[in-house]
Amino acid sequence: LMQYGYNVSQTEDLSALRRKKILALLVDNHILTRSDVISYLDFFISQRKHQSRFEKAIEKWEDDREFIENYNTELFGGD
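**Q** Would you take a moment to explain the environment of Ser15 for this structure?
**A** Assignment of secondary structure puts Ser15 in the segment before α1 (16–28). Measuring from C-alpha to C-alpha, the distance between Ser15 and Lys60 comes to 9.8 Å, with 45 residues separating the pair along the chain.

**Q** Explanation requested: helix α3 (residues 55–70) in the structure shown.
**A** In an α-helix there are 3.6 residues to a turn, and that puts residues three or four apart on one side. The end-to-end C-alpha distance of α3, which contains 16 residues, comes to 23 Å, matching closely the 22 Å that a straight helix rising 1.5 Å per residue would cover. Along α3, the residues classified as buried are Ala57, Ile58, Lys60, Trp61, Asp64 and Ile68. One side of α3 carries all its buried residues, which in axial view fall inside an arc of 160°. Projecting away from the buried face of α3 at angles above 90 degrees are the exposed residues Glu55 and Glu66. Where α3 is buried, its residues touch α1 and α2 (34–48). Positive phi appears at Asn72, one or two residues downstream of α3, with a value of about 60°.

**Q** Teacher, can you tell me more about the pattern of salt bridges here?
**A** If the charged atoms of two oppositely charged side chains come close together, the side chains can form a pair. The tally for this structure, following the rule as stated, stands at six salt bridges. Glu69 is the partner of Arg65 in a salt bridge, and the nearest nitrogen-oxygen pair spans 3.2 Å. One end of the pair, Arg65, and the other, Glu69, are both in helix α3, four residues apart, so they sit about a helical turn from each other. The structure contains a network of salt bridges with shared partners spanning Arg19, Lys20, Asp63 and Asp64.

What counts, and where the lines are drawn
In this convention, every chain numbers its residues from 1, walking through the sequence in written order. Local features are withheld for residues below a pLDDT of 70 in this predicted model, meaning they are given only at 70 or higher, and side-chain atom pairs are given and counted only at 80 or more; totals for whole chains, interfaces and linings count all residues. The basis for the side-chain values is all heavy atoms of the structure; hydrogens and waters are excluded. Strands are runs of DSSP state E lasting at least two residues, helices are runs of H or I lasting at least four, and both sets are numbered from the N terminus onward. Multiplying one less than the number of residues by 1.5 Å gives the expected span of a helix. Residue burial is assigned from relative accessible area. The probe radius is 1.4 Å, only protein chains are included, and a residue is buried under 20% of its type maximum, exposed over 50%, and partly exposed in between. Summarising the geometry, the arc corresponds to the directions from the helix axis toward the C-beta atoms. Should any heavy atoms of two residues lie within 4.5 Å, those residues are considered in contact. A carboxyl oxygen of Asp or Glu within 4 Å of a side-chain nitrogen of Lys or Arg is what we treat as a salt bridge.

So, in structure tokens, the structure goes:
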């Protein structure tokens, strides 16, 4: 995901809208499926969930996961 510009770093400070646009473009352009993105985000969350310094990152990953999980499901019926 990072190679496409996605990150939750506080130094980069991408807005929630910008992160979601990146994820949507990856799915829309068939670079990754929604399931792929969810798997990556779940991995990031599980790897850092016991480290308090990643609390903000985890919040962003969880928010982005919820977004992508529901992205376009009404229009396209999922992957």
